[in-house]
Amino acid sequence: MLRELIKTKARLLYLEGGDRVSHHMLRSIFSVITFSIFAYCTYAVVKFATGYIIKDARLGLFLYHRLLALGLFVFFAIISVANILVAFATVFRNKETEFLHTLPIKPVQIFMSKFLDSFLYSSALMLILVLAAVTGYAGYFHNWSVAVFGLVFAVFPMILSAACIGSIILLLVLKFSNRISIKTAVLIVTALYAGGTYFYILLNNPFRLFTDVMKYYPHIDRYLGALDPKPDYFAPSFWAANFFYFATTRNFVGAAASALIVCGTAVGLFVLMIRLADKYYQDAFWIARHKLFERKMGKSVSSSEARGDSIHQIDSHQSSWTQPEFVTFGRNSISLLRRDLLLFLREPSQTFHFAVLLILIGIFLFNLFAMKIYLPDPFIVTSAFTLIFAFNSFLIVSLAVRFVYPMLSLEGESIWLLRSSPVDLKRVFYSKLLPSIIFLSFIGTTLGYAAPAPLRNFRGLIPVSIVYGLAGGITFPSVVMIFGGVFVDYKERNPVRISSSHGATVSLLVSVGIMIVLSSIAFNQTFSYFSSRGNLPLDLSGIWMLGSVLLVCVMLARVFGLRALQTDL
Amino acid sequence: MLELISLSKKFGSFTAVEDLSLKVEAGEIYGFLGPNGAGKTTTIKMIATLLRPTSGRVMINGIDAHQSPQEAKKCLSYVPDQPFLYEKLSGQEFLSFVAHIYGMGRDEAIESIKEASEIFEVLPWLKKRIEDYSQGMRQRLILSAAFMHNPKLIVIDEPMVGLDPRGAETFKTRIRLAAEKGTAVFLTTHQLSLAKDICTRIGIIRASKLVFEGSMKEFCGDGVERLEKRYIELTA
């Protein structure tokens, strides 16, 4: 039965992929070009960074691989969290899953097929990134067998382990959400992840490790495992980094042992996940559906009963929106905005992710104001500012891809309602783009205001930084909206799946590309300012480029967004 | 064949189904009627093991559907009101997938697909992808899938969605035939005429409780008009 399921899924993957290419040739070519450029950039950046750390900064092989371990750990945690979100949408809240549960298939087999589904669905970008990064690493060391063996025996099992941990946590959260509320369970898991990542980074403080390793100079290429904090041994990412260290230093026994640990952990976690799925998946599925239905019917009825709303009262609440005094921007616009807002607020996955991202931004802002950077070298100060700027932009990009990208697709099958109504589709489009731009511009300007905060002596940078933030807040939702229009999918209703789809990945890559261009402009414009220790006025000669990028993006968003709304149904 | 024993389902403080008990014997066509939001779909989803009851049991062919769901589902065919279909597969590929899931061998599957698709007149469409099917054609396909493995119990939520008069007539004939061969049928519908035409017994649910159970004759005697009047009275 599992064979039949996987055979059908593979055929579907082939047919859908084939259709995508044959029906949307231009779109596919563009995707391939974007992916290729991004993969090449990743390759080049990893190769350059490896060379810089080992040759120019002379940190040595051991420290380099410890930095690699840190990076892999963050990657590991991200995959794990991402898998929890995508698996919930795919393994529990999905029409196909519901259909499969009506057939005489073992629940664990449904779980396995859907686990693979969610794993492959959310991994396209990840696999390309990893492939390019490992190739960049191997390119620097001129050791291609490391790339092949590293991918197969270190990176892939590590990714699988992360995905398994995500699914195990999800299963347990749902299973035990009968005893503790789902909100408490989610809070516990969030706290565990945040705490775990925080302590891992605290334990592996690169500055402390740098000091410790440099005590052994010039023998800094040696394996200095005694300096590793013991809790690191529990992280598969640590052993994956160790594999690369040993393989590069030609210690094949060490490499084999590390690979064995990573692979063994992956197999162990996979078996554990399957065992748990065999035991708990059916229950967890019922609980998830119960919660879903509870929200759909029970809550609304009981809450309105509890409030004692009569039909007349509800009518009066609703009609207040259509009173003339509220309709200052036109009846259609208000209704469209209100509908989108209500749909957003009533979808827990939307509000939860939104809250998490806002909390992260809050933490980042707090850290920016608490941080003090006194760096004498203008190159490093400019780099630090550019990095902060790039991270600010990345936060806006993340918000845009997660929440703005799905907006057009989320019209879903109810698009017929708009298409058959006397409503101007431009208004529909602007009711989605403008609020996104306003909100993200606000976030962008706030981040822009905070960006120069760690650089105490350069407060004169604030106005320009705010302009950059504002530009990001307008550009990125527009870019993402372009791709939301190009890859519009009215059949997928789940916002999580839409925002982790192929089109969303392309929009993320293009946004990151633009982010790099904007960061380079920021770097060029602030370098002479930092060199003069803030005495020279800022060079704003490249600001026209920023404006042009922004304008082009907004216009293209309008073109593609409207085209998506006017597409044949 | 199907027995619901004191079945209840609560969502928070809201009771969707309350203490529902009924039996559908082999060869019986049971119409489960009721107004919107009365608890029909929740009941059907509990029978199809998509929801777990808060209390009570669902027995299919003597098997507790929530204790041994896989065993119970071997005897069951479920047709939801909004069925899921793999858009990119052809009708034949979809039917073949279902046949194999129900453990049919290759030859048996081919034979069953041919038979079921001939009955529901989807044979000429089988090679086409499901994404090209009309709503009625989809319903015919899903009904073919439901009848293909000769289930002991068929549970159908709103069977007539999208069917043209010819398709509707085929469905009625096929349902009667299946019942004659001993299959139990449990269906929900808002079309009282359909219930009158094919159901041997009906149950009416209102506000989560079963308010009537018996034969059509017991409910309204003869005549659709009286049936409608009685139904509206009972569910008001």
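In this text the structure is predicted, and so the values were computed from the model without any measurement.

Colleague: What is the right way to look at the domain arrangement of chain A in this model?
Modeller: Accessible area lost during the coming together of the parts is what is often quoted as the interface size. Residues and elements named next belong to chain A. Structurally, chain A comprises domain 1 (26–293) and domain 2 (331–565). Taking only C-alpha atoms into account, the centre of domain 1 sits 27 Å from that of domain 2. Mapped onto the side of domain 1 that touches domain 2, the elements with two or more residues apiece are α2 (25–56), α3 (60–92) and α6 (124–141). Of the residues forming the side of domain 1 that touches domain 2, the biggest block, five residues, is contributed by α2. Its residues assigned to classes, the side of domain 1 that touches domain 2 shows eight nonpolar, three polar and two charged.

Colleague: Would you mind showing me how to read the sheet that holds strand β8 (residues 184–188) of chain B here?
Modeller: Where strands meet in a sheet, backbone hydrogen bonds hold them as pairs that are either parallel or antiparallel. Residue and element names in this part refer to chain B. Strands sit in the order β6-β7-β8-β3-β9-β10 across an open sheet of six strands; the sheet is mixed. Where the open sheet ends on each side, the last strands, each with one partner, are β6 (76–79) and β10 (209–214). Neighbour-to-neighbour, the strand axes of this sheet turn through a mean angle of 15°, independent of strand direction. Sheet analysis places strand β9 (residues 201–206) next to β10, joined by five bridges and oriented antiparallel. Counted as the bridge partner of I205 is L210 from β10.

Colleague: Can you walk me through the nonpolar core in this structure?
Modeller: One recurring pattern in soluble globular proteins: nonpolar side chains tend to sit buried together. Membership of the largest hydrophobic core comes to 153 residues, with the highest contact counts inside it found for F243 and V262 of chain A together with L153, V155, V185 and F186 of chain B. In terms of residue count, the dominant contributor to this core is α3 of chain A (20 residues). Within the second largest apolar cluster, 61 residues are counted, among which are L399, V510, A522 and A557 of chain A.

Colleague: Quick question: what am I supposed to make of the interface of chain A and chain B here?
Modeller: Contacts between the two partners involve 28 residues from chain A and, on the opposite side, 23 residues from chain B. Listed by contribution, the elements that provide at least two residues to the side of chain A that touches chain B are α1 (2–23), α4 (95–101) and α11 (252–307) of chain A. Within the side of chain A that touches chain B, the residues separate by chemical class into 11 nonpolar, seven polar and 10 charged.

Colleague: Mind showing me how you'd approach the packing of helix α15 (residues 378–404) of chain A against helix α21 (residues 502–531) of chain A here?
Modeller: Between two packed helices, the angle of one axis relative to the other and the distance separating the axes together describe the packing. Residue and element names in this part refer to chain A. Two elements in contact, α15 and α21, have axes separated by 8 Å at closest approach and are oriented at 150°. As far as their axial angle goes, α21 and α15 are roughly antiparallel. Considering how the two elements wind past one another, α15 and α21 form a crossing that is right-handed. Looking at side-chain class alone, the contact of α15 with α21 contains 18 nonpolar, eight polar and no charged residues.

Colleague: Quick question: what am I supposed to make of the confidence of the model for chain A here?
Modeller: Close inspection of predicted coordinates is inappropriate in any region flagged by low pLDDT. All names here are of chain A. With 88% of its residues at a pLDDT of 70 or more, chain A has an overall mean of 82. Across chain A, the secondary-structure element scoring lowest on mean pLDDT is helix α12 (residues 311–319), at 43, and the one scoring highest is helix α10 (residues 236–248), at 92. Contacts from residues 302–329, a stretch scored under 50 in pLDDT, to residues over four places away or in other chains number 11 contacts.

Colleague: Help me understand the sheet that holds strand β2 (residues 14–24) of chain B, please; the structure alone is not making it clear to me.
Modeller: All names here are of chain B. Taken in spatial order, the four strands make up an open sheet running β2-β1-β4-β5, and their pairing is antiparallel. Of all the strands in the sheet, just β2 and β5 (63–64) have a single pairing partner and so form its edges. Strand direction decides the pairing type here: strand β1 (residues 2–11) and β2, joined by seven bridges, are antiparallel. Along β2, the bridge assignment pairs F11 with F14.

Colleague: Where do I start with the environment of Y30 of chain B in this structure?
Modeller: Residues and elements named next belong to chain B. Its place among the elements puts Y30 in strand β3 (residues 29–33). Y30 gets classed as buried once you count the C-beta atoms within 10 Å, which come to 24. Taking the C-alpha atoms as reference, Y30 lies 7.4 Å from G203; in sequence the two are 173 residues apart.

Definitions and limits used
- Residues numbered from 1 in each chain as written.
- Chains lettered and ligands numbered in written order.
- Predicted model: local features only at pLDDT ≥ 70, side-chain atom pairs only at ≥ 80, totals over all residues.
- Domains from an automatic or database assignment.
- Helix = DSSP H or I, 4+ residues; strand = E, 2+ residues; numbered from the N terminus.
- Nonpolar A, V, L, I, M, F, W, Y, C, P; charged D, E, K, R; others polar.
- Pairing = 2+ DSSP bridges.
- Axes fitted to C-alpha atoms, helices over the stretch in contact; angles between N-to-C directions.
- Core = buried A, V, L, I, M, F, W, Y, C linked by C-beta atoms within 7 Å.
- Buried ≥ 20, exposed ≤ 12 C-beta atoms within 10 Å, placed from the backbone.
- Contact = placed C-beta atoms within 7 Å.
- Parallel < 35°, antiparallel > 145°, perpendicular 65-115°, else oblique.
- Left-handed = near helix turned anticlockwise from the far one by under 90°.
- pLDDT = per-residue confidence, 0-100.

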